[in-house]
Amino acid sequence: MPALIEDIRAAREAALADIGAAATLDALVTVDSEVLGRRGSLGRLKTQLGSLASLDERREAGRELNDATAAVTDAVAAKRGELAGNARAAQVEDERLDLTEFLGKPRRGRAHIVTQAWERLEDVFVGMGFQVAEGPEVETDWYNFEALNMGATHPARSDFDTLFVDHRGAPAGTTVLRTHTSPVQIRAMQAGQPPIYIIAPGRVFRRDTPDATHMPVFHQLEGLVIDRDISLADLAGTIEAFTIAFFGEGFTSRLRPSYFPFTEPSGEFDIRTPSGQWLELGGCGMVHPNVLRDGGVDPEEWSGFAFGFGIDRMAKERHEVGDLREMFTGDIRFSEQF
Ligand code: DAH
């Protein structure tokens, strides 16, 4: 075999080995020109074809050279594809944005102490079999007063420092910011047939000047039970069960006679701390027959009890906050303490 053919085969093998070893596109371009370029290893051998003596030898060597060139060209193209794919994958990996990644320590927020109390209250009552109900913060006079046995001239209305709003041309004084969560009682009775076991936590509004114990916007939790043969004993038992579940063993509760237009009889309920101190918590009573009727419930067939208390006061007592206004400044340093 002519030496030239051996040289061509050797150059081809060397070129294929170099292509296989090229680690980057730049390295591949270098190999490519070192082999196929005019001064490259195969390029230079091409110029030697003319020095072969016979036509047959030249033809054979020419074929060998063409095969080698084709093999090297194919190998370069295949390698280029592979390296380009790798480069793209590397770029994608490089530019990947990990949206779950924290740089440094994550800053965790805190639920406000009113939210904490609200959620715990829901947990306790849901555990006792109640469902959570809601009503609008902008109410009609009818739901807020009338349907709760407080007609237009009822003196109890003046207990509520009501904020009125203009609403879509409704007559003046007929749309209010709800002064308590009790209107949800009516809405719950209208929404479904008894038996009804609901609580309704929510925001309420009164025209009060903020001081250490009052805010014009505050939170209440309403409870309503309507079923057959519900008596005052069920009310007292529920309040006591709630007191122990929420405040803990060692706490107890009591009912004192009181007056609310929407309950008859009415009471206030207090809780006693393990140290013997009595705290006033809220109002309660047996739902007045007029209220049942306004909710579409037949008082001959059903009876029930209701209760309501402030959530903010509870959070304030629990965390020994001196001034209610502290709780609503929106200062993150306040919430971070709890
Ligand atoms: N709605 C009353 C208030 O805001 C609290 C209240 C008293 C709610 C007695 C009741 C209840 O459900 O039976 O002062």
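Before reading further, recall that the structure is shown in the block above.
Residues numbered from 1 in each chain as written. Predicted model: local features only at pLDDT ≥ 70, side-chain atom pairs only at ≥ 80, totals over all residues. Heavy atoms only, no water.

Student: Got a minute to help me understand the side chain of Asn 144 in this structure?
Tutor: Relative to the elements of secondary structure, Asn 144 occurs in helix 6 (residues 141-144). Apart from residues lying up to four places away in sequence, Asn 144 is in contact with Glu 139, Met 150, Val 176, Arg 178, Thr 179, His 180 and Pro 183. (Helix = DSSP H or I, 4+ residues; strand = E, 2+ residues; numbered from the N terminus. Contact = heavy atoms within 4.5 Å.)

Student: It is not clear to me how the pairing of strand 8 (residues 263-272) should be interpreted in this structure. Could you clarify?
Tutor: Remark: a regular strand shows side chains that alternate across the two faces of the sheet. Most of strand 8 is tucked away, with seven of its ten residues classed as buried. Bridge count between strand 7 (residues 252-260) and strand 8: eight bridges; the pairing is antiparallel. Bridged to Arg 254 within strand 8 is Asp 270. Between strand 7 and strand 8, which pair antiparallel one after the other, the connecting turn spans two residues. The pairing of strand 8 with strand 9 (residues 278-287) spans eight bridges and is classified as antiparallel. By the bridge assignment, Ile 271 is partnered in strand 9 with Leu 279. Here strand 8 hands over to strand 9 after five residues, with Gly 276 in that stretch at a positive phi of 95°. (Buried < 20%, exposed > 50% of the residue type's maximum accessible area, 1.4 Å probe, protein only. Pairing = 2+ DSSP bridges.)

Student: Mind showing me how you'd approach the sheet that holds strand 10 (residues 303-310) here?
Tutor: Two modes of strand pairing occur in sheets, parallel and antiparallel, and in both the strands are linked by backbone hydrogen bonds. Judged by pairing direction, the sheet is mixed, and its seven strands sit side by side in the order 1-5-6-10-9-8-7 without closing on themselves. A single partner strand is all that each edge strand has here, and the edge strands are strand 1 (131-132) and strand 7. Pairing between strand 1 and strand 5 (residues 196-205): two bridges, direction parallel. Paired with Gln 131 across the strands is Ile 198, a residue of strand 5. The strands touched by helix 7 (residues 183-191) are strand 5, strand 6 (217-227), strand 9 and strand 10; relative to strand 6, the strand with the most contacts, the crossing angle is about 40°. (Axes fitted to C-alpha atoms, helices over the stretch in contact; angles between N-to-C directions.)

Student: Can you help me understand the site of the ligand in this one?
Tutor: With respect to spatial proximity, 16 residues lie near the ligand, and among them His 180, Ser 182, Arg 206, Gln 220 and Glu 222 are the closest. In this structure, Phe 307 approaches the ligand through a main-chain N or O atom, which is 3.3 Å from an oxygen atom. Across the complex, the protein chains shield 92% of the 350 Å² of accessible surface that the ligand would expose by itself. Of all the cavities here, the one that holds the ligand is the largest pocket. Across the shell around the ligand, the residue classes break down as six nonpolar, eight polar and two charged. (Near = heavy atom within 4 Å. Polar contact = N/O pair within 3.5 Å; in protein donor to acceptor, adjacent residues only side chain to side chain. Areas by Shrake-Rupley, 256 points an atom, 1.4 Å probe, with all protein chains shown as cover. 1 Å grid on protein atoms, 1.4 Å probe; cavity = no way out; pocket = protein on both sides within 12 Å on 5 of 7 lines; lining within 4 Å. Sits in = over half its atoms within 2 Å of the grid points. Nonpolar A, V, L, I, M, F, W, Y, C, P; charged D, E, K, R; others polar.)

Student: Help me understand the packing of aromatic side chains in this model?
Tutor: The description of an aromatic ring pair rests on the distance of the ring centres and on the angle between the ring planes. The tally for this structure, following the rule as stated, stands at 16 aromatic pairs. Look at Phe 125 and Phe 130: their rings are 5.3 Å apart centre to centre, the planes differ by 75°, and that puts the pair in the edge-to-face class. Judged by relative accessible area, Phe 125 falls into the buried class, the value being 1%. Centre to centre, the rings of Phe 242 and Phe 247 are 6.3 Å apart; their planes meet at 75°, and the pair counts as edge-to-face. Ring pairing ties together the aromatic residues Phe 125, Phe 130, Tyr 197, Phe 242, Phe 246, Phe 247, Phe 251, Phe 269, Phe 305, Phe 307 and Phe 309, which thus form one cluster. Cation over ring: Arg 120 sits above Phe 246, and NZ or CZ is 4.4 Å from the ring centre. The ring of Trp 302 has Arg 228 sitting right over it, with the charged end atom 4.2 Å from the ring centre. (Phe/Tyr/Trp six-rings, centres within 6.5 Å; stacked < 30°, edge-to-face > 60°. Lys NZ or Arg CZ within 6 Å of the ring centre and 35° of its normal.)

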